[in-house]
Amino acid sequence: LQHAWDVLYATLNGNGQDITIAQAGPGAGYIDTGGLVARGAIPGATTVNLLLNGGINSTGTGLAVNLMASVTLSGSGTIVGSVYDITATNGGVVSIEGNITLGACSAAKIYSQNGGRVQIAASYTTTGNAAAEWIADKTGTIVVSDTATITLTGTPAYSLAFAEVGTCGVIACDQGITTFSGSA
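Residues numbered from 1 in each chain as written. Predicted model: local features only at pLDDT ≥ 70, side-chain atom pairs only at ≥ 80, totals over all residues. Heavy atoms only, no water.

## What to know about the overall build of the protein
Then, number 1: Within the protein, the regular secondary structure consists of 1 helix and 19 strands.
Then, number 2: With 184 residues in all, the protein has 45% of them scored as buried.
Then, number 3: Contacts in the protein between residues at least 24 apart in sequence constitute 67% of all its contacts with a sequence separation of at least 6. (Helix = DSSP H or I, 4+ residues; strand = E, 2+ residues; numbered from the N terminus. Buried < 20%, exposed > 50% of the residue type's maximum accessible area, 1.4 Å probe, protein only. Contact = heavy atoms within 4.5 Å.)

Here is the structure:
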């Protein structure tokens, strides 16, 4: 996945088109690397769709999107980072539009800062412990769709909070409309 992103970023003009990077077919297993780091927007691409069919298992951050890059997650798979599962920083945008699972990590499963944005447009499952499920800090934004269901599996423990907002961060989630299933 990382190599695909790097090649597209360095050599492609998307010419206003959507681009899909698909992980190998179902049962492909995990990508065991430093995770996927999407640095900078792919020139001319309107959307980059990352189609998971296995997962990402990282010793740092599972999916890091920054420097104005934009990634839409679709398909199904698991993202596990030892520190963060998903980060959007420095103007990076992540849109969750598939049935993904986020695993245990030491910090936040979804983290946004410095103008980064995470849009939770589809339901997802969360397992394992973390300091927090969501952290939005330093003008970072996390927006949860009214139709999303957040499923907590295995009673995850949060040492800090389920959701935390730091300096000028925003988390937009209508607890009366968004569905939470399970307990922490």
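Here the narrative resumes, following the displayed structure.
## Considering the pattern of salt bridges
Then, number 1: As enumerated under the stated definition, the model contains 1 salt bridge in all.
Then, number 2: Residue Lys 109 pairs with Glu 133 through a salt bridge whose shortest N-O separation is 3.8 Å. Highlighted residues: Lys 109 in strand β11 (residues 108-113) and Glu 133 in strand β14 (residues 130-137), separated in sequence by 24 residues. Judged on exposure class, the residue Lys 109 and its partner Glu 133 are both buried. (Salt bridge = Lys/Arg side-chain N within 4 Å of Asp/Glu carboxyl O.)

## Comments concerning the pairing of strand β15 (residues 141-144)
Two faces belong to every sheet, and in a regular strand the side chains alternate between them.
Then, number 1: As defined by bridge partners, strand β12 (residues 117-120) adjoins β15 across 4 bridges and the pair is classed as parallel. If you follow Val 118 over to β15, its bridge partner there is Ile 142.
Then, number 2: Sheet topology places β15 next to strand β18 (residues 170-172); 3 bridges connect them, and they run parallel. Its bridge partner being in β18, Thr 141 is matched across the sheet by Val 170. (Pairing = 2+ DSSP bridges.)

## Focus on the nonpolar core
The nonpolar side chains of a soluble globular protein tend to be buried with one another.
Then, number 1: Judged by nonpolar contacts, the single largest core of 26 residues is most densely connected at Ile 86, Val 94, Ile 96, Ile 110 and Ile 120.
Then, number 2: Val 94 has contacts with Leu 63, Val 65, Val 71, Leu 73, Ile 86, Thr 87, Ala 88, Arg 117, Val 118 and Gln 119, leaving out every residue within four places of it along the chain. (Core = buried A, V, L, I, M, F, W, Y, C linked by side-chain atoms within 4.5 Å.)

## Focus: the confidence of the model for the protein
Then, number 1: For the protein, the mean per-residue pLDDT works out to 78, and 67% of the residues sit at or above 70.
Then, number 2: Mean pLDDT across the secondary structure elements of the protein bottoms out at strand β2 (residues 30-33), with 40, and peaks at β14, with 97.
Then, number 3: Predicted confidence for residues 25-35 stays below pLDDT 50, and this span has 27 contacts to residues more than four positions away or in other chains. (pLDDT = per-residue confidence, 0-100.)

## A look at the packing of aromatic side chains
Then, number 1: Counted according to the given criterion, the structure contains 5 aromatic pairs.
Then, number 2: Aromatic pair Trp 134 and Phe 162: ring centres 5.0 Å apart, planes at 70 degrees, arrangement edge-to-face. Highlighted residues: Trp 134 in strand β14 and Phe 162 in strand β17 (residues 158-165), separated in sequence by 28 residues.
Then, number 3: Classification of Trp 134 by relative accessible area gives buried; the value is 2%.
Then, number 4: Owing to a relative accessible area of 23%, Phe 162 belongs among the partly exposed residues under this scheme.
Then, number 5: Judged by centre distance (5.4 Å) and plane angle (80 degrees), the rings of Tyr 158 and Phe 162 are edge-to-face.
Then, number 6: Three or more aromatic residues link up through ring pairs in this structure, and these residues are Trp 134, Tyr 158, Phe 162 and Phe 180. (Phe/Tyr/Trp six-rings, centres within 6.5 Å; stacked < 30°, edge-to-face > 60°.)

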